[in-house]
Amino acid sequence: MSTPNSPSHWSGVLNSALDAVGNTPLVRLDRIAKNEGLKCNLLGKAEFFSVGGSVKDRIAKRMVEHAEKTGVLIPGQSVVIEPTSGNTGIGLALACAIKGYKCIITLPAKMSLEKEVLLKALGAEVVRTPTEAAHDAPESLIGVAETLRDKIPGGVILDQYSNPQNPLAHYFSTYGEIAYALETSDLPRKDIALLVAGAGTGGTISGLARAIRDAEKEKADGHKAFILAADPEGSILGGGDVGQYQVEGIGYDFFPDVLDRAPELIDAWIKSNDKEAFAATKRLIKEEGLCVGGSSGTALASTLKWLRSEAGRKIAEDPEANVVVMLPDGVRNYMSKPWFLESEEESSELHNTIRSIIGRDLNDAYNTKSKGSSGLNTNGAPNGIH
Ligand SMILES: Cc1ncc(COP(=O)(O)O)c(C=O)c1O
């Protein structure tokens, strides 16, 4: 289905938290657009508004419901096991908590403590795996999940990397919401000129791209959206060599099955590094008040790079062009991470004025921090948590 499909938000009384998956707002990023000299309408799809805090709630809900309908998951018997960078795990653990399934998540070591503790609070078992393990190594997140599935009675991997319900969740719900928001807005055009999304499994960008292309077949004006995939340096999805990077949830050392590489879908890939991603994340927070996570910064950094390029200039300068940037999760997933805790040297005029009035450093927090310590241990976790 490729037409606007829903009222924009829930109302009344919901049956459970699963009814609060998705239905996220499309928000104007006017301050960033102005500061960048862009004339186009820069819009962010803020997925942290979903109940589990990310874009992956959508696929978790759809994969579980489909597996129940087809008899793959049996209440009282099945154990849901999934390798994930955390957000799919949170969505699945949430669904399992509500529906009464046991849940095991395999999670690479680099993923945040916040994701691990939330998964545990939702009742899931969490098994950490080495970040640097190749995807097909037995000790990788996928290898360990498969071993557990083979040895635990009732073990089922719904497998976001190959499950068609993953891109379908975006084909239907994410695209339907974007189309509906544009259709009911006061923007001069109701279609997408540029869509930007990061790729982990590739489900988001593949499902959205397929829905956009299907909608375009029904359009009389022949206008086509440019679809841009954002990829971290160190991932092979958008080209380049395998390497380590801090941004979570996007990029891989293999091509997942659900990443649809049909030539008509993705027009270009663009690479960004951690520094660019985290700087753009902080801009979304500080300039737009959107408390997003690191992969949202990758998406914004990629968008701005492209709009500044020769190829992107036409859209950048068109006041009727709608640029939709997927913002996959929220910064509350990453509060213990050094990239978030490290702030630039505070030297604003207001900061200096306050310091001169109170006569001491603003970071002096009276015993809440010991001298010479940030209050965090070497992992970036609060002292006492290892
Ligand atoms: C924070 C974050 N951003 C982006 C993505 C990418 O989404 P997809 O797997 O649909 O490509 C994920 C997926 O786990 C994620 O956790």
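Quick caveat: nothing in here was measured; it's all calculated off a predicted structure.

Novice: Residues and numbers for the state of the cysteines, please.
Specialist: For the coordinates displayed, the defined rule picks out 0 disulfides. Summary of cysteine pairing: cysteine 96 is not part of a disulfide, and the nearest cysteine sulfur, belonging to cysteine 103, is at 4.2 Å. Cysteine 96 gets classed as buried once you look at its relative accessible area, which sits at 2%.

Novice: Kindly report on the site of the ligand, identifying the contributing residues and their values.
Specialist: Inspection of the region around the ligand gives 17 residues, with Lys56, Gly200, Thr201, Thr204 and Ser295 positioned closest. A distance of 2.6 Å is found between an oxygen atom of the ligand and a side-chain nitrogen or oxygen belonging to lysine 56. Residue threonine 201 places a side-chain N or O atom 2.7 Å away from an oxygen atom belonging to the ligand. Coverage of the ligand by the protein amounts to 98% of the 390 Å² it exposes when considered alone. Split into classes, the residues belonging to the shell around the ligand amount to 4 nonpolar, 10 polar and 3 charged.

Novice: So what's going on with the pattern of salt bridges? Which residues, and what values?
Specialist: In the structure shown here, the tally under the stated rule is 27 salt bridges. Among the salt bridges present, the one from glutamate 116 reaches arginine 128, with a minimum N-O distance of 2.8 Å. In this pair, glutamate 116 is assigned in helix 4 (residues 113-121) and arginine 128 in strand 5 (residues 125-129), connecting sequence segments 12 residues apart. Its relative accessible area of 14% is what places glutamate 116 among the buried residues. Overall, the relative accessible area of 31% leaves arginine 128 in the partly exposed class. Each of Glu36, Arg283, Glu287 and Arg308 takes part in one network of salt bridges that share partners.

Novice: I'd like a description of the side chain of asparagine 166, backed by residues and values.
Specialist: Along the polypeptide, asparagine 166 turns up in helix 6 (residues 165-183). Among all residues touching asparagine 166, those that are not within four sequence positions of it are Ile59, Gln160, Thr201, Gly203, Thr204 and Val258.

Novice: Describe the environment of glycine 154, naming the residues involved and giving the relevant values.
Specialist: The topology assignment puts glycine 154 in the loop between helix 5 (141-151) and strand 6 (155-157). The exposure class assigned to glycine 154 is partly exposed, which follows from its relative accessible area of 37%. Measuring from C-alpha to C-alpha, the distance between glycine 154 and valine 72 comes to 9.9 Å, with 82 residues separating the pair along the chain. Among residues more than four places away in sequence, those in contact with glycine 154 are Gln77, Ser78 and Val79.

Novice: So what's going on with the domain arrangement of the protein chain? Residues and values would help.
Specialist: You can read the domains of the protein chain as domain 1 (17-49 + 166-333) and domain 2 (73-157). With 13 residues of domain 1 at the contact, the number on the domain 2 side is 17 residues. Summing both sides of the interface, domain 1 and domain 2 together bury roughly 1,300 Å²; the carbon and sulfur share of this comes to 53%. Linking domain 1 with domain 2 are 1 salt bridge. The salt bridge partner of lysine 115 is glutamate 248, with a shortest N-O separation of 2.8 Å. Tallied by class, residues from the side of domain 1 that touches domain 2 come to 5 nonpolar, 4 polar and 4 charged.

Novice: How would you sum up unusual backbone geometry? Please name residues and give values.
Specialist: Positive phi is not limited to glycine here, since asparagine 23 has a value of about 50°. The residue asparagine 23 is located in the segment before strand 1 (26-28) in this model. The exposure class of asparagine 23 is buried, given its relative accessible area of 19%. One non-glycine residue, aspartate 159, adopts positive backbone phi at about 60°.

Novice: Give a description of the packing of aromatic side chains that names residues and reports values.
Specialist: Tallied over the entire structure, the rule returns 9 aromatic pairs. Pairing tyrosine 171 with phenylalanine 172 gives two aromatic rings, centres 5.2 Å apart and planes at 75°, and the pair type is edge-to-face. The exposure class assigned to phenylalanine 172 is partly exposed, which follows from its relative accessible area of 27%. Seen from their ring centres, phenylalanine 226 and tryptophan 306 are 4.3 Å apart, and the 25° between their planes marks the pair as stacked. Of this pair, phenylalanine 226 sits in strand 8 (residues 226-232) while tryptophan 306 sits in helix 9 (residues 294-308), placing them 80 residues apart in sequence. Taken together, the ring pairs in this structure connect Phe278, Tyr334, Trp339 and Phe340 into an aromatic cluster.

Novice: Requested: an account of the sheet that holds strand 9 (residues 268-272), with residues and values cited.
Specialist: Pairing is mixed across the open sheet formed by 6 strands, whose spatial order is 1-2-10-7-8-9. Across the chains shown, the open sheet's two edge strands, defined by having one partner strand only, are strand 1 and strand 9. Looking at each pair of strands side by side, their axes are set apart by 25° on average, direction ignored. Looking at chain direction, strand 1 and strand 2 (residues 41-46) are connected through 3 bridges and run antiparallel. Residue valine 27 lies in a different strand from strand 2, and its bridge partner there is glycine 44. The strands touched by helix 7 (residues 203-217) are strand 7 (194-198), strand 8 and strand 10 (322-327); relative to strand 8, the strand with the most contacts, the crossing angle is about 175°.

Criteria and thresholds
- Residues numbered from 1 in each chain as written.
- Predicted model: local features only at pLDDT ≥ 70, side-chain atom pairs only at ≥ 80, totals over all residues.
- Heavy atoms only, no water.
- Disulfide = S-S within 2.5 Å.
- Buried < 20%, exposed > 50% of the residue type's maximum accessible area, 1.4 Å probe, protein only.
- Near = heavy atom within 4 Å.
- Polar contact = N/O pair within 3.5 Å; in protein donor to acceptor, adjacent residues only side chain to side chain.
- Areas by Shrake-Rupley, 256 points an atom, 1.4 Å probe, with all protein chains shown as cover.
- Nonpolar A, V, L, I, M, F, W, Y, C, P; charged D, E, K, R; others polar.
- Salt bridge = Lys/Arg side-chain N within 4 Å of Asp/Glu carboxyl O.
- Helix = DSSP H or I, 4+ residues; strand = E, 2+ residues; numbered from the N terminus.
- Contact = heavy atoms within 4.5 Å.
- Domains from an automatic or database assignment.
- Buried area = accessible area lost by both parts, 1.4 Å probe.
- Phe/Tyr/Trp six-rings, centres within 6.5 Å; stacked < 30°, edge-to-face > 60°.
- Pairing = 2+ DSSP bridges.
- Axes fitted to C-alpha atoms, helices over the stretch in contact; angles between N-to-C directions.

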